[in-house]
Structure formats: structure tokens, C-alpha cells
Amino acid sequence: MANTGKARAYTNIALIKYWGKKDDDLILPMNSSLSLTLDAFYTETTVHFDETLKEDQFYLNQTLQNPTQTKKTTRFLDLVRHEAGITTPAIIESTNYVPTAAGLASSASGFAALAGAASLASGLELDLQALSCLARRGSGSATRSIYGGFVEWQMGSNDLDSYGVPIDDASSWDLAMLFVVVNQKEKVISSRDGMKQTVATSPFYSGWLESTAKDLITIKEAIKEHDFQKLGETMESNGLKMHATMLGATPPFTYWEPDSIQAMQFVAELRQEGIPCYFTMDAGPNVKVLCHKSDLPKIKAKFATIFQETQLITAYPGPGIQLSKGDFY
């Protein structure tokens, strides 16, 4: 057993959304999804298995977490320990270069990095597909953060066939994404609870599943054809439909805030001015604007008229997971 492993994984933003599970334990989604891995936000995690420990110790951003906060991490490590045939407790040190639980996909990079570090430390020889399956058991979206660029999460039907598949590394695309950070505070309704409430009560949900399957086909065509307009239009429409299912839930809820709507209106105004750009939102108030790199300065200037510089973060297509027994360079 290697004992120690380190991993860095980047966030991904879903262009075709994952919203709802058909198996909560295995985290099997109700629909396939597709994302773009980005370089602006990432998580670095080190796992060290230590025989002298009595229980797992989890440090998040240099702060020791209490047993309740550590429970989910321990449950995930138990999967790794079972697969590796060990029972050794571990020290987990994770640094999130992502605002936690603010709709910026911190769970995706977090559990992808944990999966990579733990599998390396335990001596498991997992290929990327198996690592994607493992990461899924912590957070569904983590399945996609194993790879860079455009990634499809194939929903599958069991623990072994639900994983991420790389579609295009996006290296030949002229792409950028502007994050408009409306609010970095922790969400009132978690993604997990929001999904459950929507699936159980929204009359719009069956229509969402049907349309999303079509959207996935369309956006994969757009990627193959390098058609930015089709890519953006499909992404924007899919995201809006996901949020519409929440308004149909009982009781209805939304992650939008007034500034979220302002940001979406800005995107529409920019398109009217002839600047192609499109928005999407995950389960949070923050708006992500997909655009060409060359248009980014003009777009950022528009948003800077009412948003502070610290609220505007630029991202570009990012890499897949990086594994190491030492430091990253």
C-alpha cells in the first residue's frame, strides 16, 4: 500500500444538467448529462492512511472537521478501504479553491480529488473509468471532473456502467466562461434536497427528462460540428428548463436572486448588440456566461457596470484529474 496520495481535480459546469436520482445510495441519475471542465476552481486533497489513528481525521481548508462533518468523507473512504482490503484510518487534508455549497460545483472537484487521492494511497490501480465510478459515489457531478474539456456522464443502470466519458478536450475551441458570483453563501436548499423535492412533486419533471434526452443529442452534435451558437442555445434552454421544474415543485422554490435575473438580462442585451454569449445556472444563484475568448473583455465590462470586480471570475477549459505522490507544479 502506498499510504499517501495526492490529487487535484477541477470543477465542471453542466451544460446539460443532471437533476434527480433513481438510486440515492449508488447516486445513479435519472438522465445523462454533459459538462465542461474549467480551470478557475479546483480542489487539492491529500490522503494518508495511518495505523496509529483511531479514526479518520478530516481537515477542510486547514480546519479540523467534527465527527458529523467527517461522516460523509469516512463513508466514502470506507468504499475505498473495502475495495483495497484494508481498515486503516486516514488523515484527509483538502483545500477547496472553490466557494463551498454556493452553486459553483465544489462537490464535483472535492469528491473527484478525494477519489483520486484515496485510491492512490490505498494502492488501488484504478483506470479513469473506474475512478469516475468511484467519484460518483461521493457526488454525482464528480463523475465528470475526472476528465478535462467536454464530458458526458452516461446515466447507466448500475454501479459499474454509470460514469463519465470524455467527448472533446475543448483545446481547439475559442471558449471562455465568465462566472458572475451573485452570492457565495451556503445555499438554503441543498442540491440533494432540491432534487428530491422536484422529482417527487413537480408535474414538469417528466417533460424535463424527455427534453433533456433530446438536448443531449443536440449538444453533442454542436460539439462535433464546432457550432458555438447551437452549443450555447442548447445549454441555456436546458438550464432554464431545469429551474422551471423547481417552480412546479410543492412547495415551489428557486435558487434565483434579483442579481441573478439582472445577469441573465445582461446576456440577452449583449446578444442584441451582436455579441454571442449564453448563460447557465446550477443549483445556486450564480450565473455562468459562455462566450468566445475574444469577446470576454466586452462582456466583462458590461457586467462591471453593476457587479464588483471580485464577483467576476474568468475561466477557460480545464484539464482532467492530476494524481501525485508529491507536489503539483
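Residues numbered from 1 in each chain as written. Predicted model: local features only at pLDDT ≥ 70, side-chain atom pairs only at ≥ 80, totals over all residues. Heavy atoms only, no water.

A. A look at the domain arrangement of the protein chain. Partitioning the protein chain into domains gives domain 1 (4–171) and domain 2 (175–315). Counting residues at the interface gives 32 residues for domain 1 and 47 residues for domain 2. Overall, the association of domain 1 and domain 2 removes approximately 3100 Å² of surface from exposure, summing both partners, and the carbon and sulfur fraction of that is 72%. With a shortest N-O distance of 2.6 Å, K17 and D282 are connected by a salt bridge. At the junction of domain 1 with domain 2, the criterion picks out 7 residue pairs in polar contact (both at pLDDT 80 or more). For the side of domain 1 that touches domain 2, the secondary structure elements donating two or more residues are β1 (4–16), β4 (33–49), β8 (150–154) and β9 (163–168). Among the elements that take part in the side of domain 1 that touches domain 2, β4 stands out by supplying 7 residues, more than any other. Among the residues making up the side of domain 1 that touches domain 2, the classes are represented as 18 nonpolar, 7 polar and 7 charged. (Domains from an automatic or database assignment. Contact = heavy atoms within 4.5 Å. Buried area = accessible area lost by both parts, 1.4 Å probe. Salt bridge = Lys/Arg side-chain N within 4 Å of Asp/Glu carboxyl O. Polar contact = N/O pair within 3.5 Å; in protein donor to acceptor, adjacent residues only side chain to side chain. Helix = DSSP H or I, 4+ residues; strand = E, 2+ residues; numbered from the N terminus. Nonpolar A, V, L, I, M, F, W, Y, C, P; charged D, E, K, R; others polar.)

B. Quick peek at the side chain of E152. Along the chain, E152 falls in strand β8. Residue classification places E152 among the buried residues on the basis of a relative accessible area of 6%. At 2.8 Å, the side chain of E152 and the side chain of K220 are in polar contact. Beyond its immediate chain neighbours, meaning those up to four positions away, E152 contacts S32, S33, L34, Y163, G164, V165, I167, L216 and K220. (Buried < 20%, exposed > 50% of the residue type's maximum accessible area, 1.4 Å probe, protein only.)

C. Expanded view of the side chain of D50. By the secondary structure assignment, D50 is in the loop between β4 and β5 (57–60). Buried charge without a salt bridge: D50, with R81 as the nearest opposite-charge side chain at an N-O distance of 11 Å. Those residues in contact with D50 that lie beyond four places of it in its chain are T88 and P89. (Lys, Arg positive; Asp, Glu negative; His and termini not counted.)

D. Inspection of the environment of P29 at higher detail. Counting through the fold element by element, P29 comes out in strand β3 (residues 28–29). Distance in space between the C-alpha atoms of P29 and W153 is 9.1 Å, their sequence separation being 124 residues. Setting aside residues no more than four positions away along its own chain, P29 makes contact with Y18, G20, K21, K22, W153, M155 and S162.

E. Looking closely at the sheet that holds strand β12 (residues 287–291). With antiparallel pairing, 4 strands are arranged side by side in an open sheet as β11-β12-β10-β13. Pairing within the sheet leaves two strands with one partner each, and these edge strands are β11 (277–280) and β13 (312–315). In this sheet, adjacent strand axes meet at a mean angle of 25° when their direction is disregarded. Strand direction decides the pairing type here: strand β10 (residues 176–180) and β12, joined by 5 bridges, are antiparallel. For M177, the partnering residue across the bridge sits in β12 and is L290. Contacts from helix α7 (residues 258–272) reach β10, β11 and β12 within the one sheet, and its direction differs from that of β11 by about 160°. Sheet contacts for helix α8 (residues 296–303): β10, β11, β12 and β13; angle to β10, the most-contacted strand, approximately 10°. (Pairing = 2+ DSSP bridges. Axes fitted to C-alpha atoms, helices over the stretch in contact; angles between N-to-C directions.)

F. Representation of the UniProt feature "domain: Mvd1 C-terminal" (unreviewed entry) in the protein chain in the model. The UniProt record annotates "domain: Mvd1 C-terminal" (unreviewed entry) at residues 178–313. In residues 178–313, the share of helix is 55% and the share of strand is 10%. The end C-alpha atoms are 6 Å apart. (UniProt positions renumbered as here; feature names shortened; annotations may be inferred.)

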